[in-house]
Amino acid sequence: MTTSHDLARIHEQLYQLTNAGVGAETDRQVLDALNDQLGQDRFRVLVTGEAKRGKSTLLNAILGRDVLPTGVVPVTALATTVRQGTPETVTVHFNDGRIDQHDPTALAWFVTQAANPANRRGVTEVVLALDAPLLAHGVELVDTPGTGSVHAQNTDEAMASLRTMDAAVFVLTADPPISAAEQELLRLVSEASVRTFVVLNKADQLNTDDLREAVDFTRQVVSEALGEPVTVFVCAAREGVRRGIDDLVTALTAYLFEHRDADLLRSLTHRTRHLAVGLLDEVLMARAVADLETSRQHHQVAALRAQLDALEQRQSEAGDLIRAEARHALAEVNTAARTSAPALTAQVTTAWNAAWEGEAGGWARREREAEGRRRLVELTREAVDDWRREQEERLSSRLTTLDQRVRDRLAHDLDMFRDSVADLVGVSLTLPQDGGPLTPNPRFRYQFSEGIGQTELLAGWIRRNLPGEAAGRRARAHLTGEAASLVPMQVGRVRADFQERLQDSARQMAAALAARYDAVARRLSSALSQSEARPQQDAEHTAVLAECERLLRRLVSELSTGGEAGGPATDLHPEGPGTAC
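All values derive from a computational prediction rather than experimental measurement.

How each quantity is defined
- Residues numbered from 1 in each chain as written.
- Predicted model: local features only at pLDDT ≥ 70, side-chain atom pairs only at ≥ 80, totals over all residues.
- Heavy atoms only, no water.
- Helix = DSSP H or I, 4+ residues; strand = E, 2+ residues; numbered from the N terminus.
- Buried < 20%, exposed > 50% of the residue type's maximum accessible area, 1.4 Å probe, protein only.
- Contact = heavy atoms within 4.5 Å.
- Areas by Shrake-Rupley, 256 points an atom, 1.4 Å probe, with all protein chains shown as cover.
- Pairing = 2+ DSSP bridges.
- Salt bridge = Lys/Arg side-chain N within 4 Å of Asp/Glu carboxyl O.
- Axes fitted to C-alpha atoms, helices over the stretch in contact; angles between N-to-C directions.
- Parallel < 35°, antiparallel > 145°, perpendicular 65-115°, else oblique.
- Left-handed = near helix turned anticlockwise from the far one by under 90°.
- Nonpolar A, V, L, I, M, F, W, Y, C, P; charged D, E, K, R; others polar.

Moving on, we come to the overall build of the chain. On a plain count of helices and strands, the chain comes out with 13 helices and nine strands. The buried share among the 581 residues of the chain stands at 49%. Of the contacts made within the chain by residues no fewer than 6 positions apart, 81% connect residues no fewer than 24 positions apart. Counting only carbon and sulfur atoms, one obtains 51% of the accessible surface of the chain, whose full area is about 26700 Å².

Take the pairing of strand β6 (residues 139-143) next. When a strand is regular, its side chains alternate between the sheet's two faces. In terms of burial, β6 is largely enclosed, as five of its five residues are buried. Bridge count between strand β1 (residues 43-48) and β6: five bridges; the pairing is parallel. Each residue of the ladder has a partner; that of phenylalanine 43, found in β6, is valine 139. Relative to β6, strand β2 (residues 80-84) is paired through four bridges, and the arrangement is antiparallel. Among the inter-strand pairings, valine 82 is bridged to a residue of β6, identified as leucine 141.

We now examine the pattern of salt bridges. Evaluated as defined, the whole model comprises 40 salt bridges. When the shortest N-O distance is used, the salt bridge between arginine 9 and glutamate 558 registers 2.4 Å. Of this pair, arginine 9 sits in helix α1 (residues 4-19) while glutamate 558 is found in helix α13 (residues 539-561), placing the two residues 549 residues apart along the sequence. The class for glutamate 558 is partly exposed, based on a relative accessible area of 23%. Among the salt bridges present, the one from glutamate 140 reaches arginine 83, with a minimum N-O distance of 3.0 Å. Within this pair, whereas glutamate 140 is found in strand β6, its partner arginine 83 is found in strand β2, the two being separated by 57 residues in sequence. Linked by salt bridges that have partners in common, Asp36, Arg42, Arg44, Arg83 and Glu140 make up one network.

Looking now at the packing of α1 against helix α2 (residues 25-40). The N-to-C vectors of α1 and α2 enclose an angle of 155°; their axes lie 10 Å apart at closest approach. By the angle between their directions, the pair α1 and α2 is classed as roughly antiparallel. α1 and α2 meet at a crossing whose hand is left-handed. Each of Ser4, Leu7, Ala8, His11, Leu14, Tyr15, Thr18 and Asn19 in α1 lies in contact with α2, whose residues at this interface are Arg28, Leu31, Asp32, Leu34, Asn35 and Leu38. Along the lines of polarity and charge, the residues of the contact of α1 with α2 split into seven nonpolar, five polar and two charged.

Ordered in space as β4-β3-β5-β2-β6-β1-β7-β8-β9, the nine strands form an open sheet in which the pairing is mixed. The sheet is open, and its two edges are formed by β4 (99-102) and β9 (232-234), each paired on a single side. Along the sheet, successive strands turn relative to each other by an average axial angle of 25°, direction set aside. Pairing between β2 and strand β5 (residues 123-130): four bridges, direction parallel. Counterpart to threonine 81 in the pairing with β5 is valine 127.

At a closest axis distance of 9 Å, the pairing of helix α6 (residues 180-192) and helix α7 (residues 208-226) adopts a crossing angle of 50°. In terms of orientation, α6 lies oblique with respect to α7. As α6 runs across α7, the sense of the crossing is right-handed. Within the contact between the two elements, α6 uses Gln183, Leu186, Arg187 and Ser190 and α7 uses Val221, Val222, Ala225 and Leu226.

Below, the discussion takes up the side chain of threonine 89. Mapped onto the elements of the fold, threonine 89 is located in strand β3 (residues 89-94). Residue threonine 89 is classed as buried on the basis of its relative accessible area of 16%. Not counting residues up to four positions away in its chain, the partners in contact with threonine 89 are Gln101, His102, Pro104, Val127, Leu128 and Ala129.

A few words on the side chain of threonine 81. Tracing the sequence through the fold places threonine 81 in strand β2. Residues contacting threonine 81, with those up to four places away along its chain left out, are Arg44, Val126, Val127, Leu128, Glu140, Leu141 and Val142.

Further remarks concern the environment of aspartate 210. Structurally, aspartate 210 can be placed in helix α7. Overall, aspartate 210 belongs to the partly exposed group, its relative accessible area being 37%. Sequence separation between aspartate 210 and alanine 174 is 36 residues; the distance between their C-alpha atoms is 8.9 Å.

A separate point is unusual backbone geometry. Of the consecutive residues threonine 86 and proline 87, the connecting peptide bond is found in the cis state with omega at 0°. Along the chain, proline 87 turns up in the loop between β2 and β3. A positive phi angle, near 55°, is found at aspartate 41, a position not held by glycine. Examined against the element boundaries, aspartate 41 turns out to sit in the loop between α2 and β1. In this structure, histidine 137 is a non-glycine residue whose phi angle is positive, near 65°. Here histidine 137 lies in the loop between β5 and β6.

Okay, here's the thing in structure tokens:
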């Protein structure tokens, strides 16, 4: 088992390598974060899941205090790290290097979508210091934005947070039940964390029989997704109805007391090894390119550059495919909206007239228009919701198919790239595991609006006060005419929401795709850049690269045998040409 002293020594050796020019700035940032977490002995527990699962509310319940912002729409826009500390403060770090401290009541000003949309304030980190028993002994809880939010920035922030976690609390809800996208996200979280607690929140929204069915279903699906039996903690975190929280806190406390120290080392060892493997890839490529330059095999160096250019072209083509499919999907939605609105209007008008004939006699004269409007709105909502669900199923299916198609193409491209590089220089690049869907399942949503203005309110008052049956006739005629505008207006709102979500999904998919291509290509790109900067490879540089390779091989081997969180403890890299490790 790797000790904290071992990891500190390994981090110091990795710093020596990065100081010598090995790796990129992002590698140095990862190393800084790992070393900082080790030095401060902090164990990070992420509260994660899709948007609107009650993550912030649950974390408030766990802490026993309502300190994190909550709401009925996606609220959390940036991750908030909650750790032990007095006096209780909010510390905010900014892009420009500023660090401000505020009272905890100011937290919402920096981490919510309403107060800081798209992170326009330039916040890089938010830390809330609280005096809470669960946070003792170096434990910190992290409230994350939900994936699949209507706000793309929130999803990006949530996925970035996953790379820094040690353990996780994965939050689901009884209604709606766990989705396929959540199963995939849960699998990714479980693979990246040393321990995952699964919570079924909002249990108070179902009756006893429905809740029992939801719990059994969730337990079955989660256990199948993770390949082992899983305990599901059933909770209602909402203030006033909180239940199941004590059982969750007891389980968390017991786990942290017994496993926290060992699991922190397992997690840090795993992430440090991942970094070391990437650096070794880069050094192997640099050595291979240097050997080619020394032996004047310039045609092979040119072939490597050609492979890199070809991969970049394939990435560009995949991005074009994503954008083209999004445009085609949007065109289908526009066509469906244009052709469906008249039919839906006729359907609602017929149903509403039938409702008026059957029900209006029982309404008070002065309330007929209000009751008629209520029924018209009800019928319109039902019809438009049915149409929306039908279109949503088509769009979700189309996006899922596109996502899988692009991922299959990505896997093929990276396999071909790795094999071509291996044929040219004898180095087998480490390919990242499939990170799951490129974009979370989009949850299409729209807000129903009747759109009544002040002029219409005045006209309605006049109609209600007409004498005799005139009021009823005028009200019926007016509402019949209103159906012709109310239905198309709601269809248009759905279409606008679909357009926004399609654009967000395409953007997220293209960005995730580029990141996965870059994760493989940047090591070769760095090696070629070094070669261009040093066209005449000297013996000293070759010796430095050889020493870097020997050191990294030893570190990877030590980290592999010292307790990686998962997978076999083996060195993934075969001996490179001309090495003697």
